[in-house]
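Fold and contact review
In case you want the letters, here they are:
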Number of protein chains: 4
Amino acid sequence: MSDNRGEIGVGMVGHAFMGAVHSQAWRNAHRFFDLPLVPRLAVLGGRDETRAKEAAAKFGWAAVETDWAALVRRDDVQLVDICTPGDSHCDIAVAALEAGKHVLCEKPLANSVAEAERMTAAAEAAAARGVRSMVAFNYRRVPALALARRLVAEGRLGTVRHVRAVYLQDWLSDPESPMTWRLRRDRAGSGSLGDLGAHIVDAAQFVTGDLVTGVSALTETFVRSRPTGDGGTDEVTVDDAALFLARFAGGAIGSFEATRYALGRKNAMRLEVNGSRGSLAFDFESMNELSFFDGDDPADAAGFRRVLVTEADHPYVGGWWPPGHLLGYEHTFVHEVVDLVNAVGAGTDPAPSFADGLRVQRVLAAVEDSAAANAAWQQIPA
Amino acid sequence: MSDNRGEIGVGMVGHAFMGAVHSQAWRNAHRFFDLPLVPRLAVLGGRDETRAKEAAAKFGWAAVETDWAALVRRDDVQLVDICTPGDSHCDIAVAALEAGKHVLCEKPLANSVAEAERMTAAAEAAAARGVRSMVAFNYRRVPALALARRLVAEGRLGTVRHVRAVYLQDWLSDPESPMTWRLRRDRAGSGSLGDLGAHIVDAAQFVTGDLVTGVSALTETFVRSRPTGDGGTDEVTVDDAALFLARFAGGAIGSFEATRYALGRKNAMRLEVNGSRGSLAFDFESMNELSFFDGDDPADAAGFRRVLVTEADHPYVGGWWPPGHLLGYEHTFVHEVVDLVNAVGAGTDPAPSFADGLRVQRVLAAVEDSAAANAAWQQIPA
Amino acid sequence: MSDNRGEIGVGMVGHAFMGAVHSQAWRNAHRFFDLPLVPRLAVLGGRDETRAKEAAAKFGWAAVETDWAALVRRDDVQLVDICTPGDSHCDIAVAALEAGKHVLCEKPLANSVAEAERMTAAAEAAAARGVRSMVAFNYRRVPALALARRLVAEGRLGTVRHVRAVYLQDWLSDPESPMTWRLRRDRAGSGSLGDLGAHIVDAAQFVTGDLVTGVSALTETFVRSRPTGDGGTDEVTVDDAALFLARFAGGAIGSFEATRYALGRKNAMRLEVNGSRGSLAFDFESMNELSFFDGDDPADAAGFRRVLVTEADHPYVGGWWPPGHLLGYEHTFVHEVVDLVNAVGAGTDPAPSFADGLRVQRVLAAVEDSAAANAAWQQIPA
Amino acid sequence: MSDNRGEIGVGMVGHAFMGAVHSQAWRNAHRFFDLPLVPRLAVLGGRDETRAKEAAAKFGWAAVETDWAALVRRDDVQLVDICTPGDSHCDIAVAALEAGKHVLCEKPLANSVAEAERMTAAAEAAAARGVRSMVAFNYRRVPALALARRLVAEGRLGTVRHVRAVYLQDWLSDPESPMTWRLRRDRAGSGSLGDLGAHIVDAAQFVTGDLVTGVSALTETFVRSRPTGDGGTDEVTVDDAALFLARFAGGAIGSFEATRYALGRKNAMRLEVNGSRGSLAFDFESMNELSFFDGDDPADAAGFRRVLVTEADHPYVGGWWPPGHLLGYEHTFVHEVVDLVNAVGAGTDPAPSFADGLRVQRVLAAVEDSAAANAAWQQIPA
């Protein structure tokens, strides 16, 4: 049956892991949420035409372009979704914004602070013309973390004192696991730090509503070369793990860790926040749950509550299933599309903005500077 | 981009909760799995034309029919998906099978053993003509439960001795929660027993690969009338909770419980199996996990393993995301569609068959008979 | 340094597992709790003098007796603690009560209802003379279960609707595990039913403050003969597992299971209670925790609370350590001694009484009757 | 009954929290373990004679001394147990060692590295004369952590890469919680750092078998003055929380956090270790459990095992109860006494030695130095 809503044409650059999950979000968001515009999967961008066409057929895109610059200029594209490695984010985003296209950009925003600054300037200039931009920190759209943010904003935690954030994976634990672009500084910018650390910095800042003001850090590369698949080996030029201590503007202190060597942890993106009135704990491996300790409970019946974040009045959940019918990883991307398209429809700026992405980038840069300076404290520019 | 695969036209009857989640499965299955036929959402059946059209637009169906008999006869429908309350399953399924249409039927298969027998006979007759049928016990397609079945089949549990199965919800806990068709015997057949108990009987039989041979049961209706929304009240004519003990053909013993009054449990479909060599435990509220105790582990390092069932070689997972990136409730329906369409393509009979659904129905009937006879043991016909 | 409190001389019969843990309780209770009388470990009873003397030296008893009848008559014994197998409970308890000695008797109270009735009559006659008696259902003294009882008594659960109780062990899982007195009907009365089932029946009645009025049951013996250690085998004459459904006087329904074949479960004595206003869940393998769901919590922040039952105002905890410093299995016996000696000092009757033990015995008998009658419902005499 | 073993007379200085739990250990260790010498609770030292006598009566000590120097010299004391605040450890320990008495000293070993060095020198001189000394890091004697050490030592973790250690309490979370000696630098040396941080540094070094070589740290005092109980307030002169990053000699990296402001966490002493072949996780709030991930498990059945550390062949457990019958906090002190008395009997040096305590002290000092120097890296002297 026809749908009376208007459409928004999407051009997406990149069709690997992120491209697959973004496609799923673009295809399905309007089936569950009352969007002002129905996304049309107009063009998929990929350098290899054969592979791009295969991906377009599989994911449901109407056309392909091998040149992202051409994709950005197309009339049937009103929104550009950037799912490429970090080294191309800046050029694509700036070109799209200058062409008047709304932009959704995968995280980390860029491979350097300089690029992120350029992108943020472009986004702010575009915003003045009604063009919207958003960086894709999808974990903000986990209902449990959105609920965490709501509880903090409502004052249920009181003054935040402690933040504990880790993002633990184990896919590099085996030294024979092969080389990939994610282990090359020129493509990925950094290793666990940008890939995983960016998420927990953003999540910590989002949930607390506060900003990191300084860090002390160490990084490590446990396995310095890896097989390339053709019998040779190649040098790993990024961090395998990054650990840092942090201070927040509001007085809280925190610790952060990102690693791909925590054997047995598959996607343990964890956040714990302790305030003067309550505490929160989250683990993405149990993403439908939020642990909440309410300091107002009577002492004899107090304890961390395992809140199953599947009730109709939990963030985003109303669009989906009855209580206890769990959501998964890909739903966070649907929520991202919902928030972005709603903002486009309403003529407002969505969050997280490129400026938010830049703030994360500055923390990552300070971590690298501190690690290079024997853990010396690095203040983050405001 | 075009897809070179052939299509299979689907007609779905019913567009409430089950209709929504089946639509999502039909729309997306071929995006993640290499199906022999691409499902086409041809016709949606619903008695109220306006509401059916709204649902068709929302869920992506091409046309609507207000008469299921017309839907079943349409040339653009090769497969009929039955998502209505239990009282209409038999008529629709038999008509569809006789019209040579493959059938997917929601559980419980029917509201009575007699209907289920008629449906099974129709399915077997149709199968002889290459027409496929399947009953939609979606929990078999939770990767963790499919893995549980695999471990039992591989002998990792040894001889099964104990089964413990509960399905706990709490949405009727409040006596003021309103009347619904699910609480009327004429529509739903039974209450928690058919809605929830059917799932755990099937899951227990599926995972153990064994059949329930007899039961002793009690049922209870805690709240005997409920508000209708128009100021009046209506009588609840089904069980609120059903508990039963069971014996299995292979010598195992088990206990079962289905209730909508377990305050705080939202969708706790739980199964524990203890064998002579290993044990398994599952809870749908943590549906991406399977607990596995391997009795071959050395005593000093033995313990229930929390297996995160998100690895590429876990059942169904290879079609989706990297390890630790969780799946949700709706994915079980995608897997159902995948198995059904693969069977249609391969010309084989999918499982669970209508005969499997009939076996569950016989257990449910025995439970009701036992409950009516003061818990007297009821043997299940083979 | 001397202690100004009076003393109470204890004579304990039996020095195996229960004797060891009771000794620890008698030796230490007054170090942590302000008892009216200091227990003196006067006499240890055991049939083999050499082994009894070794045990007395190890556990700290001042003397031994090989004849329990002599022990019961001694002037330095004011309280008799019965830690023998069930077949001797009745004779010892009645003799002790008739000799004017307070009695603590291990559970199950007896091997038959007839014995339990005789004991209860003796206890009631003795009570009229100021002689106290108590049956040793130690799980009532787990702080978490005592807290559970308190929450139910305070109305925090509302009307109780569901009880789910299992007691799972696995030490018989291996068919080669040797024969023991616990597997002989003449010594132990029954198998898992009396050993484990008795605990969960008492716990369920204690926590709910309600009584079981009827049951439907099945029992099973998985391994019918076992090695005796001398190259032969001996017949197992008790149940390996017992499952039963139950109704409570107040309208709740419940399921119970006791087994020693739940591979991987070491001492999983679990209880879940769902009421109209709240729910509780407990597992002895995490005995310092109580899960509590408060139905009054706002829906968006509701969830089972993991209450760490180690706060000063939790039952019994004030005598011990700071919050989070866990207690263990043996502490439940210390609490038992505390409650008993306090009752003796105050001249009141402690709980659970022999009448409470008799009520449990009647449930166990009804379970055996039902199991023998093909699960036919058995009403429990009031 | 008499016990044929010889005795060892114990003099204990201090009778607050640590005195109570040490008394329990001295009274009971020989009841469960086959010690070469039976501890005799000879003398309790306390400055206030009335309170010391009350404590001696309560805990079971034969005599009191108000002057620790006199206690140390008594002929009926062969072992001195130091349970006072840190500012007196050095003087008492050195005097006792010089008097030829074995010494058990509570942690942290001292309030400064200089004191710890003086104590270690005294201990090493005394050891040459057959006098034994041990620092009371009781968490080494949690069976789960002793098992963790055993697994690492057996190579089950492979090369250790990551250590994550936190010790979270919440008893200072309320700003109105009163002043105590633990918040004064002159008595306690430091705050959370020495009280809690000392434990996790020792535990991390113990379990990994490795040493911390350098740290970067920050500390914070959230509440700078507290009520004294007489209407006034007093200044808090210690850290409320201490966070630090660390490198280990063997190449591992780690993070540490000690705080008394983690609302809802009562005694969450947690340790996670990731190696190339396996991983371990522990939380004292579930102290009878060790989580173990075995990297050799097949991928489809791998997961963290919840090992219930209550089997007879687990460290220390053989002296206690059957599987699944949990131990508590105080049992770790019993195990400490067992290891110390066994070493005295065998004429060997027990662990952890004063030199081990000094190593921890050096880490704590480096943490304070780093925190004072804006997180600058501090190398730990070997």
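Cut-offs used in this document
- Residues numbered from 1 in each chain as written.
- Chains lettered and ligands numbered in written order.
- Predicted model: local features only at pLDDT ≥ 70, side-chain atom pairs only at ≥ 80, totals over all residues.
- Helix = DSSP H or I, 4+ residues; strand = E, 2+ residues; numbered from the N terminus.
- Rg over C-alpha atoms; globule rule 2.2 N^0.38 Å.
- Buried ≥ 20, exposed ≤ 12 C-beta atoms within 10 Å, placed from the backbone.
- Contact = placed C-beta atoms within 7 Å.
- Least-squares fit on C-alpha atoms with pLDDT ≥ 70 in both.
- Pairing = 2+ DSSP bridges.
- Axes fitted to C-alpha atoms, helices over the stretch in contact; angles between N-to-C directions.
- Parallel < 35°, antiparallel > 145°, perpendicular 65-115°, else oblique.
- Left-handed = near helix turned anticlockwise from the far one by under 90°.
- Expected span 1.5 Å × (residues − 1).
- Bend = angle between axes of the 7 residues up to and from the residue.
- pLDDT = per-residue confidence, 0-100.

We now examine the overall build of chain A. Scanning chain A from N- to C-terminus turns up 10 helices and 17 strands. Against the compact-globule benchmark of 21 Å for 382 residues, chain A has a radius of gyration of 21 Å, which places it among compact chains. Its C-alpha atoms put chain A at 60 × 55 × 40 Å along the principal axes. Expressed as a percentage of its 382 residues, the buried residues of chain A come to 65%. The contacts in chain A between residues at least 6 apart in sequence include a share of 70% that link residues at least 24 apart.

In this section: the relation of the copies chain B and chain C. Each copy of the sequence occupies a distinct position, and chain B is placed on chain C by a rotation of 180 degrees and an axial shift of 0.0 Å, giving an RMSD of 0.0 Å. Such a combination of turn and shift is consistent with a two-fold rotation axis. Minimal C-alpha distance to the rotation axis in chain B is attained by alanine 376 of chain B, lying at 2.4 Å. A shared binding surface is used by both copies, with 100% of the interface residues of chain B retained as interface residues in chain C.

Here the focus is the pairing of strand E15 (residues 289–294) of chain D. All names here are of chain D. In terms of residue burial, E15 counts as a mostly covered element, since six of its six residues are buried. Covered by surrounding structure in E15 are Glu289, Ser291 and Phe293 together with Leu290, Phe292 and Asp294, the residues of both alternating faces. By the bridge criterion, four bridges tie strand E14 (residues 278–283) to E15 in an arrangement that is antiparallel. Note that in E15 the partner of leucine 280 across the bridge is phenylalanine 292. Where E14 folds back onto E15 in an antiparallel hairpin, the turn is made up of five residues. The pairing of E15 with strand E16 (residues 304–308) spans four bridges and is classified as antiparallel. In the strand pairing of E16, serine 291 is matched with arginine 306.

Another point: the interface of chain B and chain C. Taken together, the contact between chain B and chain C spans 30 residues of the former and 30 residues of the latter. Secondary structure elements with two or more residues in the side of chain B that touches chain C: strand E7 (160–168), strand E8 (212–220), strand E11 (241–248), strand E12 (253–259), strand E13 (268–275) and strand E14 (278–283) of chain B. When residues of the side of chain B that touches chain C are assigned to their parent elements, the largest contribution, four residues, is made by E12 of chain B.

Glancing now at the sheet that holds strand E5 (residues 102–106) of chain A. Residue and element names in this part refer to chain A. Pairing is parallel across the open sheet formed by six strands, whose spatial order is E3-E2-E1-E4-E5-E6. Two strands lie at the open edges of the sheet, namely strand E3 (63–65) and strand E6 (133–136), each paired on one side alone. The sheet shows a mean angle of 25 degrees between the axes of neighbouring strands, taken without regard to direction. The pairing of strand E1 (residues 6–13) with strand E2 (residues 37–45) spans eight bridges and is classified as parallel. Bridge pairing in E2 places valine 10 opposite leucine 41. Running at roughly 150 degrees to E3, helix H2 (residues 49–59) makes contact with E2 and E3 of the sheet.

The next thing to look at is the environment of asparagine 342 of chain D. All names here are of chain D. Along the chain, asparagine 342 turns up in helix H9 (residues 331–346). The partly exposed category is assigned to asparagine 342, around which 17 C-beta atoms lie within 10 Å. For asparagine 342, the contacting residues outside a window of four places in its chain are Leu35 and Pro36.

Residue and element names in this part refer to chain B. At a closest axis distance of 9 Å, the pairing of helix H4 (residues 89–98) and helix H5 (residues 113–128) adopts a crossing angle of 15 degrees. Comparing their axes, H5 and H4 come out roughly parallel. With respect to the hand of their crossing, H4 and H5 are arranged in left-handed fashion. Note on element contacts: H5 touches H4 through Glu115, Arg118, Met119, Ala122, Ala123 and Ala126, opposite Cys90, Ala93, Val94, Leu97 and Glu98.

Once that is clear, we can look at helix H8 (residues 192–208) of chain D. Residues and elements named next belong to chain D. With 17 residues, H8 should cover 24 Å at 1.5 Å per step; its first-to-last C-alpha distance of 23 Å lies within 8% of that length. Considering bend angle alone, the principal kink of H8 is centred on alanine 198 and spans about 35 degrees. The element H8 is extensively covered by neighbouring structure, given that 17 of its 17 residues are classed as buried.

Frequently, the measure chosen for interface size is the accessible area that the parts lose on association. The interface is formed by 16 residues belonging to chain B together with 15 residues belonging to chain D. Contributing elements (two or more residues each) for the side of chain B that touches chain D: helix H6 (143–153) and strand E16 (304–308) of chain B. Among the elements that take part in the side of chain B that touches chain D, E16 of chain B stands out by supplying five residues, more than any other. Across three bridges, the pairing between E16 of chain B and E16 of chain D is antiparallel. Note that in E16 of chain D the partner of phenylalanine 304 of chain B across the bridge is arginine 306 of chain D.

What follows covers H9 of chain D. Residue and element names in this part refer to chain D. Between the first and last C-alpha of H9 there are 22 Å, a value that for 16 residues agrees with the 22 Å anticipated at 1.5 Å per step. Among all positions of H9, only His331, Thr332, Phe333, Val334, His335, Glu336, Val337, Val338, Leu340, Val341 and Val344 are buried. The inward-facing, buried residues of H9 contact strand E1 (6–13), helix H1 (17–32), strand E2 (37–45), strand E5 (102–106) and strand E6 (133–136).

Further remarks concern the confidence of the model for chain A. Considering every residue of chain A, the mean pLDDT works out to 97; 99% of them sit at 70 or more. Interface confidence in the predicted complex, given as ipTM, is 0.96; pTM for the same model is 0.97.

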